[in-house]
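Structural overview for review
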Amino acid sequence: MEKITKKIIAAAGGLFIGFINGFFGSGGGMLCVPLLEKALKEETKRAHATAILVILPISIASAVMYLLGGYWDTGVVLTASLGVVLGGIGGALLLKILPSEIVGLIFALMMVGVGIKLVAF
Amino acid sequence: MQTFLYIIIGVVGGLLGGMGMGGGTLLIPFLTMFTGTEQHLAQAVNLIAFIPMSAFALFIHIKNKLVDFKYLLFISVPAVVAGVLASYLTKSVGGEELKKYFGVFLIVLGIYQLVTIAVNFIKKRRNLKKSLAKGRVETLIETSEENDLRKFHE
């Protein structure tokens, strides 16, 4: 019985995460981690790693849909992707040095600030 | 100049993503705010830009046996279906309108993140106080199960 409940939670969560990630082109990972960790009781590190497995196919499928919709610019895609890869390596290294709580706090405040700017101006 | 700006914004998004903070949520608004990239295009760029990095990270995690495959079917199949539908739906939403929705989405995620940080902070302090009371300093204990275990021993 409990197994069925978990599967239903997983599927409902999947629908929600997929919708958000497709509609906003981001954010799926941030939602998938708490689904795995809080609702499905996965250990923190495993939840983070497994979230990538869940998000990758959604991102690929959504990216294809955007491409088919005509949203493509070679210059932006190549340069921004190059930056993301460089930054990603740097971020993984910095993670060991920086206090994650303070980084998380700054990031959260930036999200709220940028969000307000987008809505209001 | 524009090219340089794209790379810098990519690096910032990648840094946050690499630290596991969902870098894309800021890569998108930075692209629209600082380079005038259209909202849909910025979202497409984010989806594509994170694929190589995610694939690489996933490879490492699988090697380290941290990935649980048992949820793949139950979460990913409905997620891909919903993702494809939502991507299709965005086509009928204007760029400026989508940008506003994205702003609301960011505010909600930001507040959620703030609450999570606050809850963890309080938990940690409580654990620290307990440890000090016992004459031990073990600040790294976070999980409630360990807390329960400790209560049991006390």
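Residues numbered from 1 in each chain as written. Chains lettered and ligands numbered in written order. Predicted model: local features only at pLDDT ≥ 70, side-chain atom pairs only at ≥ 80, totals over all residues. Heavy atoms only, no water.

Points about the overall build of chain B
Operational definition: Every helix listed is a DSSP run of H or I at least four residues long, and every strand listed is a run of E at least two residues long, numbered separately from the N terminus. When a residue's accessible area, from a 1.4 Å probe over protein chains only, is under 20% of the maximum for its type it is buried; when over 50% it is exposed; and in between it is partly exposed. Contact definition: two residues touch when any of their heavy atoms are within 4.5 Å. Each accessible area is a Shrake-Rupley estimate made with a 1.4 Å probe; only the visible protein chains count as cover when residues are assessed.
Regarding its fold elements, chain B presents six helices and zero strands. In sequence order, the secondary structure elements of chain B are arranged as α-α-α-α-α-α. Here chain B holds 154 residues, and the buried ones make up 43% of them. In chain B, 44% of the contacts between residues at least 6 apart in sequence involve partners at least 24 apart. With the model as given, the accessible surface of chain B reaches about 8400 Å², and the carbon-plus-sulfur share is 69%.

With respect to the overall build of chain A
Which entries qualify depends on this criterion: Lys and Arg are tallied as positive, Asp and Glu as negative. Neither His nor the chain termini are counted. By convention, the point assigned to a charge is CZ for Arg, NZ for Lys, CD for Glu and CG for Asp.
Within chain A, the secondary structure is distributed over five helices and zero strands. Going from N to C terminus, chain A has its helices and strands arranged as α-α-α-α-α. By principal-axis analysis of the C-alpha atoms, chain A measures approximately 50 × 40 × 35 Å. Buried positions account for 48% of the 121 residues belonging to chain A. Considering only contacts in chain A between residues 6 or more positions apart, those separated by 24 or more positions represent 47%. Element-wise, carbon and sulfur atoms account for 76% of the exposed surface of chain A, whose accessible area totals about 5900 Å². For chain A, the distance from the average site of its 9 positive side-chain charges to the average site of its 6 negative ones is 4 Å.

Looking at the packing of aromatic side chains
Short version of the rule: Note on ring pairs: Phe, Tyr and Trp rings are taken, using the six-membered ring of Trp, and paired if centres are within 6.5 Å. Classes follow the plane angle, with under 30 degrees stacked, over 60 edge-to-face and the rest tilted.
Per the counting criterion, the structure on display carries eight aromatic pairs over all chains. Both rings, one in A:Phe23 and one in A:Phe24, keep their centres 5.1 Å apart while their planes meet at 85 degrees; by these two values the pair is edge-to-face. The pair A:Phe23 / A:Phe24 is uniform in exposure class, with both members buried. Taking the centre distance of 5.6 Å and the plane angle of 40 degrees together, the rings of B:Phe30 and B:Phe34 count as tilted. Of this pair, B:Phe30 and B:Phe34 both sit in helix α2 (residues 24-35), four residues apart, roughly one helical turn. Using a relative accessible area of 10% as the deciding quantity, one classes B:Phe30 as buried. Members of the aromatic cluster, connected to one another through ring pairs, are A:Phe19, A:Phe23, A:Phe24, B:Tyr101, B:Phe102 and B:Phe105.

Some points on the interface of chain A and chain B
The condition that has to hold: Note on terms: buried area is the combined drop in 1.4 Å-probe accessible area of two parts once they are placed together, counting the loss on both. Here, a salt bridge means any side-chain nitrogen of Lys or Arg that lies within 4 Å of a carboxyl oxygen of Asp or Glu. Here a polar contact means two N or O atoms within 3.5 Å. Within protein one must be a hydrogen donor candidate and the other an acceptor candidate, and residues neighboring in sequence count only if both atoms are side-chain atoms. Side-chain classes are defined by residue name, with Ala, Val, Leu, Ile, Met, Phe, Trp, Tyr, Cys and Pro counting as nonpolar, Asp, Glu, Lys and Arg as charged, and the others, Gly among them, as polar.
Across the contact, 82 residues belong to chain A and 85 residues belong to chain B. Here chain A and chain B share an interface that buries about 7400 Å² over both sides, 81% of which is from carbon and sulfur atoms. Where chain A meets chain B, there are two salt bridges. Residues B:Lys124 and A:Glu101 are paired through a salt bridge, measuring 3.7 Å at the closest nitrogen-oxygen approach. For the pair chain A and chain B, the interface holds 14 residue pairs in polar contact (both at pLDDT 80 or more). Breaking the side of chain A that touches chain B down by element, the ones donating at least two residues are α1 (2-24), α2 (28-39), α3 (44-68), α4 (74-94) and α5 (100-120) of chain A. Looking at the side of chain A that touches chain B element by element, the count peaks at 19 residues for α3(A). Across the side of chain A that touches chain B, the residue classes break down as 52 nonpolar, 22 polar and eight charged.

Topic: the domain arrangement of chain A
The parts lose accessible area when they come together, and the size of an interface is often stated as this lost area. Spelled out, the test is: How far each domain reaches was decided by an automatic or database domain assignment.
Domain boundaries assigned for chain A yield domain 1 (1-72) and domain 2 (73-121). Domain 1 of chain A and domain 2 of chain A are separated by 20 Å when their C-alpha centres are compared.

Details of α3(A)
Residue and element names in this part refer to chain A. Heads up, the condition is: Take the residue count of a helix, subtract one, and multiply by 1.5 Å to get its expected span. In this scheme, the bend at a residue equals the angle between the axes fitted to the seven residues that finish there and the seven that begin there.
With 25 residues, α3 ought to run about 36 Å at 1.5 Å a step, and its terminal C-alpha atoms sit 36 Å apart, in line with that. At Ile 55, α3 shows its largest bend, some 30 degrees, and a proline, Pro 57, comes one to four positions later. At the exit of α3 stands Gly 70, carrying a positive phi of roughly 95 degrees.

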